[in-house]
Amino acid sequence: MSVTSRGMAARMTALALLAALTAALAPLAAASGAPALPPGAPERAPVRRLDGQAYLGANDLARLLDATKFWRPDVRKLVLRAGSHRVTLAVDNPFVVVDERTFRLPAPVRSVRGELQAPVALLDSLPRDTTIARLLYDPGRGVVMCMPLSGVVRSPQLAAGDTLTRVVFPVDHVAEVGVASRARGHFRLRFGGAFVGASPESLSPGGLVTAIAPIPVAVGCAFELAVSPAAQGFRLVRDPGSAGAGGPRSITLEVSRFRIPGLEDFAPAGPPGPRALEVIVLDPGHGGDDRGVTVEGVAEKDLTLALARVLKPELERRLHAQVVLTRDDDRGLAQDRRAETANHARADLVLALHFDGAPGTGYAGASAWCPPALVGARREAAGRNAPVLLLPWREVALRHAVRSRAVAEAVLGALELAGAGPTRLREVLPHPLLGVNAPGILLECATLTAPADRARVTGPRGLQDLATAIADGLAAWERGR
Ligand SMILES: [Zn+2]
């Protein structure tokens, strides 16, 4: 889609802020050569004990701080340069110099088999600004962890009353939360910070939340909850804590048994799976004179077609589906031609493939647009006959809104796991689904104006990785999860 066709105001939601923040953090997480960790786990390094003190190796310290090392053999000093800061360690010396300030450590810096070891107390002397990674010593696990700049999320606590069930997440920053999925069966919350707590050991009997677990995401953390069908709505309450620094901050999810003003609705649930996915129509966006988003010579119209060509065999092989493309060359198509192809093929699903663009550098990741499920569900509930007649044909995709939404959630979930996030779900009937009489979504697979996204999708495995993730999501939806 084009940048100008949408209001920028709508983007400035908490989720967009989260997106900007997580995008800013992604290079930090990707920079080091550490062994592979589960997605979403903070970078970490082991701590060793020397003479009863906890020590961290200088190589690990440099890796976690994303610092460059300079060794001065004449004075046996190691200088680490991280962001705008300098940390100087001297062998057998209990002082560390951070920028122009000197701190005394509880034990001297040591040299063990050629590598400097610094007492972990050093971490307390490091600056706390945004140019340097934030390190946290976890004595229980014997590791030093690199925290996202957005802080941490601690163990959630549940409390169930007669009408409300509350899930309280202690956090460092209350703004960095978003509802990634509002289906009762897999309600998902995303946080900008890393999860350093534990799942609750028990759930309140009779509560409206029947399960909660952290789920892996590329940046920050996320939780998936199961919510009782009896729940009628939810809201997020942000408690900024007491005035000044250090006050307890929390984000509380309130789930209500009754409809009360100010609550948000859960997504309507579709029929349980498995579902048939025999014919899939791929609609590569733009084409011909319509180049779509163009950034530094990369044109959206070329990427959408190239992705469709990679995705087609992937879906045929893994889902045994027949895959039809609305265009297989560089030509522009009117929307009614695209819809006609989908309807003629009797599509079980239409995927309109696009790439996003936005002014500024903070916006990144993937979005799915689907017909608004609440509108669709109301129309479905209103009766079998009249609503269809009253529905303008252009908006016939609303009849398939509930299934479309489930597809969008499944595909976004898979993209998130594949590191293509942050992801957003927008319940607005998009232009490429006008006149389409089938479940469908518009997928903005990545943001071409975000340098990291652009490098990823134009890299050697970029489109194949996207195709694999999209097929993962569709396979999960087809199985009925
Ligand atoms: Zn587009």
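In what follows, the structure referred to is the one given above.
Residues numbered from 1 in each chain as written. Predicted model: local features only at pLDDT ≥ 70, side-chain atom pairs only at ≥ 80, totals over all residues.

Undergrad: Let's hear about the overall build of the chain: which residues, and what values?
TA: Summing up its helical and strand segments, the chain has nine helices and 30 strands in all. By the burial criterion, 41% of the 481 residues in the chain qualify as buried. Counting contacts in the chain only where the partners sit at least 6 residues apart, residues at least 24 apart contribute 70% of the total. (Helix = DSSP H or I, 4+ residues; strand = E, 2+ residues; numbered from the N terminus. Buried ≥ 20, exposed ≤ 12 C-beta atoms within 10 Å, placed from the backbone. Contact = placed C-beta atoms within 7 Å.)

Undergrad: Would you mind going over the sheet that holds strand E11 (residues 134–138) in detail, with residue names and values included?
TA: Spatially, E1-E12-E11 is the arrangement adopted by the three strands of the open sheet, whose pairing is antiparallel. The open sheet is flanked by strand E1 (44–46) and E11, the only strands paired with a single partner. Going across the sheet, the axis of each strand differs from the next one's by a mean of 20°, ignoring polarity. The strands touched by helix H2 (residues 58–65) are E1, E11 and strand E12 (143–147); relative to E1, the strand with the most contacts, the crossing angle is about 170°. (Pairing = 2+ DSSP bridges. Axes fitted to C-alpha atoms, helices over the stretch in contact; angles between N-to-C directions.)

Undergrad: A description of the sheet that holds strand E2 (residues 48–50) should follow, citing residues and the corresponding values.
TA: If you walk across this open sheet you meet the four strands as E2-E3-E10-E9, and the pairing is antiparallel. Each of the sheet's edge strands pairs with one partner strand only, and the pair in question is E2 and strand E9 (110–112). Direction aside, the axes of adjacent strands within the sheet are offset by 45° on average. Bridging between strand E3 (residues 53–57) and strand E10 (residues 115–119) involves three bridges; their strand directions are antiparallel.

Undergrad: How would you summarise the packing of helix H8 (residues 451–458) against helix H9 (residues 462–479) if you had to cite specific residues and measurements?
TA: In the contact formed by H8 and H9, the axes pass within 5 Å of each other and the chain directions differ by 90°. One way to sum up the angle between H8 and H9 is to call them roughly perpendicular. Residues Arg-456, Val-457 and Thr-458 of H8 form the contact with H9, whose participating residues are Gly-462, Leu-463 and Leu-466. Classifying every residue of the contact of H8 with H9 gives three nonpolar, two polar and one charged. (Parallel < 35°, antiparallel > 145°, perpendicular 65-115°, else oblique. Nonpolar A, V, L, I, M, F, W, Y, C, P; charged D, E, K, R; others polar.)

Undergrad: Could you give me a rundown of the packing of helix H3 (residues 300–319) against H9, with the residues and numbers involved?
TA: Interhelical geometry of H3 versus H9 gives an angle of 40° and a closest axis separation of 9 Å. Considering the angle they form, H3 stands oblique to H9. H3 and H9 meet at a crossing whose hand is right-handed. Packed against H3, whose contacting residues are Ala-306, Leu-307, Val-310, Leu-311, Glu-314, Leu-315, Arg-318 and Leu-319, the element H9 presents Leu-463, Gln-464, Leu-466, Ala-467, Thr-468, Ile-470, Ala-471, Leu-474, Ala-475 and Glu-478 at the interface. The residue inventory of the contact of H3 with H9, partitioned by class, reads 13 nonpolar, two polar and three charged. (Left-handed = near helix turned anticlockwise from the far one by under 90°.)

Undergrad: Quick one: what's the story with the pairing of strand E23 (residues 279–284), residue by residue and with numbers?
TA: Here E23 lies mainly inside the structure; five of its six residues are buried. Where E23 meets strand E26 (residues 322–325), four bridges bridge the pair, whose relative direction is parallel. From the neighbouring strand, Ile-280 faces E26, where its bridge partner is Val-323. Here five bridges tie E23 to strand E27 (residues 349–356), and the two strands are oriented parallel to one another. Among the inter-strand pairings, Leu-282 is bridged to a residue of E27, identified as Leu-351.

Undergrad: Talk me through helix H7 (residues 401–417); I want residue IDs and the actual numbers.
TA: For H7, with 17 residues, the first-to-last C-alpha span of 24 Å sits near the 24 Å given by 1.5 Å per residue. Among the 17 residues of H7, 17 are classified as buried, and the element is accordingly described as predominantly covered. Remark: Gly-419 follows H7 within two positions and exhibits a positive phi of approximately 85°. (Expected span 1.5 Å × (residues − 1).)

Undergrad: I'd like a description of unusual backbone geometry, backed by residues and values.
TA: Residues Gly-421 and Pro-422 are joined by a peptide bond in cis, for which omega reads 0°. Inspection of the secondary structure puts Pro-422 in the loop between H7 and strand E29 (423–426). Backbone geometry places Asp-51, a non-glycine residue, at a positive phi of 50°. The residue Asp-51 is located in the loop between E2 and E3 in this model. Take Asp-51: there are 8 C-beta atoms within 10 Å of it, and that puts it in the exposed class. Look at His-320: it is not a glycine, yet its phi comes out positive at around 50°.

Undergrad: Lay out helix H4 (residues 335–344) with the relevant residues and their values.
TA: Of all the residues in H4, the buried ones are Arg-338, Ala-339 and Ala-342. Angularly, the buried residues of H4 cover 95° about the axis, an arc narrow enough to put them on a single face. Exposed and oriented more than 90 degrees from the buried face of H4 are Asp-336 and His-344. Packing partners of the buried residues in H4 comprise E23 and E27. (Arc of directions from axis to C-beta.)

Honestly, it's all geometry; don't read function into it.
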